[in-house]
Amino acid sequence: MLNPSVRFSPSNVATFKKALRGQYPNIKSSHLDEAIAASFGFKSYAAMRPVLYQLGAYARLIVVVDHLLLLLRLEELGYSGISPESLRRLVWSVEFPDDRYDDDVGQMIRMRRRPTAANAD
């Protein structure tokens with residue numbers, strides 16, 4: 001199963017949390033922090049926080065958002081009955097503010113992936 005990958009930044013984490021709070025308002029804020037950290041592969045929010053805030057503005061750390069890890073952590077915290085499919089759809093629908101690549105890097109990647117014309121010398 002494919003999972004979205006996003007730039008690991010404070011604004012993307014905040015956007016992700018806001019989307020989760022909108023869909024699941026009954027989940028405590030601190031529990032969402034823990035579940036988000038788990039979805040990125042961290043054991044806890046306390047382990048994720050220093051990494052998140054030590055990254056400079058130009059760091060390009062890309063993380064995979066695993067909705068099943070998020071779901072497992074929420075179940076550990078006492079939230080059962082959340083549909084894995086609806087959670088997966090929510091994760092894919094979030095529009096993260098920080099793109100994976102800056103404009104210059106994104107342009108270079110697009111140019112590299114552009115196929116060569118058949119009649120090019």
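Higher on the page you've got the structure.
Overview of the structure. (Residues numbered from 1 in each chain as written. Predicted model: local features only at pLDDT ≥ 70, side-chain atom pairs only at ≥ 80, totals over all residues. Heavy atoms only, no water.)

## Focus on the packing of helix H2 (residues 29-39) against helix H3 (residues 45-54)
Alright, step 1. The geometry of H2 relative to H3 is characterised by a closest axis approach of 8 Å and an angle of 70° between their N-to-C directions. Here H3 runs roughly perpendicular to H2, going by the angle between their axes. Touching Asp33, Glu34 and Ala37 of H2 are Tyr45, Ala46 and Met48, all from H3.
Alright, step 2. For the contact of H2 with H3, the residue count by class is four nonpolar, no polar and two charged. (Axes fitted to C-alpha atoms, helices over the stretch in contact; angles between N-to-C directions. Helix = DSSP H or I, 4+ residues; strand = E, 2+ residues; numbered from the N terminus. Parallel < 35°, antiparallel > 145°, perpendicular 65-115°, else oblique. Contact = heavy atoms within 4.5 Å. Nonpolar A, V, L, I, M, F, W, Y, C, P; charged D, E, K, R; others polar.)

## Considerations on helix H5 (residues 84-93)
Alright, step 1. Within H5, the full set of buried residues consists of Ser86, Leu87, Leu90 and Val91. What you see down the axis of H5 is that its buried residues fit within an arc of 140°, all on one side.
Alright, step 2. Packing partners of the buried residues in H5 comprise helix H1 (10-23) and helix H4 (67-76). (Buried < 20%, exposed > 50% of the residue type's maximum accessible area, 1.4 Å probe, protein only. Arc of directions from axis to C-beta.)

## A closer look at the side chain of His31
Alright, step 1. For His31, the position within the fold is in helix H2.
Alright, step 2. On the accessibility criterion, His31 (18% relative accessible area) is buried.
Alright, step 3. Looking at His31, its side chain comes within polar contact range of the side chain of Tyr79, at 2.8 Å. (Polar contact = N/O pair within 3.5 Å; in protein donor to acceptor, adjacent residues only side chain to side chain.)

## Description of the nonpolar core
Alright, step 1. Counting residues in each nonpolar core, the largest one holds 27 residues, and the members touching the most others are Phe8, Phe16, Leu20, Phe40, Met48 and Leu70.
Alright, step 2. Where this core is concerned, the elements lending two or more residues are H1, H2, H3, H4 and H5.
Alright, step 3. Here this core gets four residues from one element, more than from any other, and that element is H2.
Alright, step 4. Not counting residues within four places of it along the chain, the set of residues in contact with Met48 comprises Phe8, Val13, Ala37, Phe40 and Phe42. (Core = buried A, V, L, I, M, F, W, Y, C linked by side-chain atoms within 4.5 Å.)

## A closer look at the packing of aromatic side chains
Alright, step 1. Under the defined criterion, the tally for this structure stands at four aromatic pairs.
Alright, step 2. Geometrically, the ring pair formed by Phe16 and Phe40 is tilted, given 6.2 Å between the ring centres and 40° between the ring planes. Here Phe16 is found in helix H1, whereas its partner Phe40 is found in the loop between H2 and H3, with 24 residues between them in sequence.
Alright, step 3. The rings of Phe8, Phe16, Phe40, Phe42 and Phe96 are connected pair by pair, giving a single aromatic cluster. (Phe/Tyr/Trp six-rings, centres within 6.5 Å; stacked < 30°, edge-to-face > 60°.)

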